[in-house]
Amino acid sequence: MKISSKLLSNKNQAILQSLNNPKVIKIVETYINLCKPDKVTVLTDTPRDINYVRKLALKNKEETPLKTPGHTIHFDGFFDQGRDKEKTKVLLCGESKISKSINTGDRESCLEEIFSLLSGNMKGKEMLVSFYCLGPTNSPFSIPAMQITDSAYVAHSENMLYRQGFGEFKKLKDPDKFFYFVHSAGELENGVSKNSDKKRIYIDLEENRVFSVNTQYAGNSVGLKKLALRLAIKKSNESDWLCEHMLVLGAKPQGKKRVTYFTGAFPSACGKTSTAMIPGQSIIGDDIAYLKRGKDGRCYAANVEQGIFGIIENVNPKDDPLIYKSLTTPKELIFSNVLINNKKPYWLGMGRALPDSGVNFAGHWKLGDCDGKDNPIPHAHKNARYTMRLSELTNVNPHLHDPSGVPISGIIYGGRDSDTTPPVVESFDWSHGVLMGAALESETTAATIGETGVRKHNPMANFDFLVVPLSTYINNHLAFGRKLKKKPIIFTTNYFIKEGDNYLNGKLDKKIWLMWMEGRIHGEYRAIKTPIGYIPKYEDLKKLFWDNLKQAYTKEDYRKQFHVRTGHLLAKLERIEAIFKIEPDIPKAMFVEIKKQRKRLKTIPS
Ligand code: OXD
Ligand code: MN
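By convention here, each chain's residues receive numbers from 1 onward along its written sequence. Lettering for chains starts from A, numbering for ligands starts from 1, and both go in the order in which the items are written. Since the coordinates come from a predicted model, pLDDT governs what is reported: local features require at least 70, and pairs of side-chain atoms require 80 or more to be given and counted, while whole-chain, interface and lining totals use all residues. Hydrogens are left out, water is left out, and the side-chain values use all remaining heavy atoms of the structure.

**Overview of the coordination of the manganese ion (ligand 2)**
Then, in step 1: Only Lys226 (NZ), His245 (NE2) and Asp287 (OD) from the protein coordinate the manganese ion (ligand 2), and they sit 2.1 to 2.2 Å from it.
Then, in step 2: Between the donor residues of the manganese ion (ligand 2), the gaps in sequence give the motif K-x18-H-x41-D. On the criterion of sequence distance, the pair formed by Lys226 in helix α8 (residues 223–237) and His245 in the loop between β14 (242–244) and β15 (246–251) is long-range, its members being 19 residues apart. Water is not among the atoms examined, so metal sites may look incomplete; donors are the N, O and S atoms within 2.8 Å of the metal, or within 3.2 Å for Na, K and Ca. Strands are runs of DSSP state E lasting at least 2 residues, helices are runs of H or I lasting at least 4, and numbering of each runs from the N terminus.

**Structural notes on the site of ligand 1**
Then, in step 1: Around ligand 1 sit Arg83, Lys226, His245, Ser268, Asp287, Phe309, Arg385 and Ala447, and those are all the residues in its vicinity.
Then, in step 2: Between ligand 1 and the protein, one listed contact pairs an oxygen atom with a side-chain N or O atom of Lys226 at 2.6 Å.
Then, in step 3: Only the protein chains shown count as cover for residues, and all accessible areas are computed by the Shrake-Rupley method using a 1.4 Å probe. Calculation on ligand 1 without its partners gives an accessible area of 210 Å², and the protein chains cover 96% of this total.
Then, in step 4: The pocket and cavity definitions rest on a 1 Å grid over protein atoms only: a 1.4 Å probe that fits but cannot leave marks a cavity, an open set with protein on both sides within 12 Å along at least five of seven lines marks a pocket, and residues lining either have an atom within 4 Å of a point. A molecule is said to be in a cavity or pocket once over half of its atoms fall within 2 Å of that pocket's grid points. When atoms are counted within 2 Å of each cavity's grid points, the one that captures over half of ligand 1 is the largest pocket.
Then, in step 5: In this classification, the charged set is Asp, Glu, Lys and Arg, the nonpolar set is Ala, Val, Leu, Ile, Met, Phe, Trp, Tyr, Cys and Pro, and all remaining amino acids, among them Gly, are polar. In terms of residue class, the shell around ligand 1 is made up of two nonpolar, two polar and four charged. We call a residue near a molecule or strand when any one of its heavy atoms sits within 4 Å of it. We define a polar contact as two N or O atoms separated by no more than 3.5 Å, with the added condition that, inside protein, one atom must be a possible hydrogen donor and the other a possible acceptor, whereas residues neighbouring each other in sequence contribute only through side-chain atom pairs.

**As for the domain arrangement of the protein**
Then, in step 1: Residue ranges assigned to each domain were obtained from an automatic or database domain assignment. Taken domain by domain, the protein consists of domain 1 (10–61 + 83–237), domain 2 (242–306 + 400–601) and domain 3 (310–389).
Then, in step 2: Using only C-alpha atoms to locate each centre, domain 1 and domain 3 end up separated by 29 Å.
Then, in step 3: The contact criterion used is simple: two residues touch if any of their non-hydrogen atoms lie within 4.5 Å. In this complex, domain 1 contributes nine residues to the contact, which on the side of domain 3 involves eight residues.
Then, in step 4: Summed over the three residues of domain 1 that lose the most area to domain 3, namely Tyr153, Met160 and Tyr217, the buried surface amounts to 64% of that side.
Then, in step 5: By definition here, a salt bridge exists when the distance from a side-chain nitrogen of Lys or Arg to a carboxyl oxygen of Asp or Glu is within 4 Å. Our count for the domain 1 to domain 3 interface comes out at one salt bridge.
Then, in step 6: Residues Glu332 and Arg54 are paired through a salt bridge, measuring 2.8 Å at the closest nitrogen-oxygen approach.
Then, in step 7: Connecting domain 1 to domain 3 are five residue pairs in polar contact (both at pLDDT 80 or more). As a working definition, buried area equals the accessible area (1.4 Å probe) given up by two parts on being put together, with both sides summed.

Here's what the structure looks like:
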C-alpha cells in the first residue's frame, strides 16, 4: 500500500512501507491530507534521524542553544505554562460520564471540532512522523506508539524521553494495536503557539488516539507522556495490571548489599522526582510506571519512559545535589520557561545570584519589575522544566531497560498536605493501603493551569489522568493485590506537614522515611500501631537521622511531626466518604476501611 501524496519522497514512502502496516499508512495519509503540511518526514531509530530532529528544533527556532554544550532553551506561550485541564476532554458517546469530576465531551461533535482545527493547520510547516515504545522494548510491558507532529521540539523531547520504536513496529504481532497521537502547535508567533483560545486536547479512547492542537507545553503536546497515560489507564483497567503516575527507585541502605525496589505515586510538583533522585539510591523512573504480575506471582514495575521532564523550581545544590549537578554540566538537555541571560539559565530557588535582566516566557524581564499590585514579578515560571535522558545520570539503575521490570516490595502514596498526615505511615494490609491511596488529598500546584494551594482529592495521585470510573480503578487495585503471591507493603508519606507557615521537615528528610520503609520491609524496625497505621519509633528515626544526615533529631521534632491529628483525620474521612458516596459503585471494601479507621480514631482524644 502506498500513500498517494506528492509530499512524501520515495525514501519516506519506502520507510513507511517497510513497516508493512496498512493502518499506519492510512493514518499518515489521513493527516497529511487534513493538516496539509509543506513537507513530511518519516523518522526511524537511527542516530542520523535523531540528529535531524535535534537540528530542526534549532532551525525552526523552537529551541535556542545555551552556553553549556548540549543545552537549549524552549519557551511555551504565556497561556501555555501547564497542563490545561479545562481544555482536555475525554471523548464519550452521548451524555455518558466517567466520574463526577472528569472532563468529558461528546465524541462526535468534539471530533468534528478537532478535525476542523487541524484542517490546513500545518501549512508552511514540516510534519514529522515518529515511532516509539512505551515501556522497555521486547517486553510484556511494551506498548508501541506513533507520533505525528509539526513541532520539532515535541519530537526532540520524545526522542529523549522515550525508547525508539521503529524496530518494535516492524515486528508487531497485532498490527492494529498501537497508540497514536496527532499534534499541531498551530500558528506560531516568536516561536510559540499563538491561538491559545483554540487549544484543545481530546482523548479518543475508542481509537486509542489523542489529538492536541494550538499548544506546545509538553504535558499537553508530548503524546507519549500524559496523553498516552490516559490510553494506558484504560487498557490496564480492561486487563489485570496497573498504569500509575509513579516513580520507580532502588533503595540501598548504607553498608548493605541489598537493593529494595519501590514505586511511588505523588501528584505533580509534590516531590516525585526528588524522591527518585535521593542521594545514595538509584533511579529507574520519575513519573509513569506500569505494574504487572510476574510469572512468580510477585509485582514487577517498569518505567514507561527513559527520561525526565522535571520541575526545576527549588533544584539547588543543597536540596537536590544530584539533579543540580546534572543541570549544570554538558549533556543534551532542554530547559523550558526559565530566565535566560547571556545564554545562561536561571530558575526559581536555584540558590544563585540573579542577573539584572533577561528573557523569560513572558518576554523581557528586569529585576524590580512589579505587577499591578506592586508584587515583584518572578524571573521564571514556577512550572519551568528540564528534559533529559536518564542514561545521563550516574545514579541510574542498571535495570532501567530490563524487559522483566524490577520486583516491587514497597508502594508509596504521597500528597502535599499541610495539616493531616504524618511524614510516613505503613498500612495494615493491602486493602487499608488501597484506601490510603484512594483517599489521597493534595494541594494544587503550578503543574496545572489554575489556582494553586487548593486541597483536592487526588486518588493514587492519578486523578487528572483517569479515564475509567473511580470505582473501576479502585477495584482494579484491590484485585491486583488479591492475585499477588507476595504483596508489596503500602506506605503513605507527607513531605509538607506544617506548623503555622513553616514546614516541619527539611527537603533531605525524605531519605530517612525511605530508609525506614526499606528497613520495615526487611523486618528491621519495630513500629507503633496507631489508628491510621504503623508509625516509626523515635529511637529508630534518631539513629537514621544521625547515620544518614548527621543531624540531631529531637523528641520534640518527633512529637510535632508524628502526633496523630485525630480531628483533621476524622474530617478527612468525612470528605472522602462523601465523595465515595456520590461516585457510583465504589467497592464496599473502601467503606469498610473508612468505618474501621473512624472507629479506631474515635478511641483516642483529639
Ligand atoms: C508532569 C505532570 O509533568 O504530572 O509530570 O504534570
Ligand atoms: Mn507527572
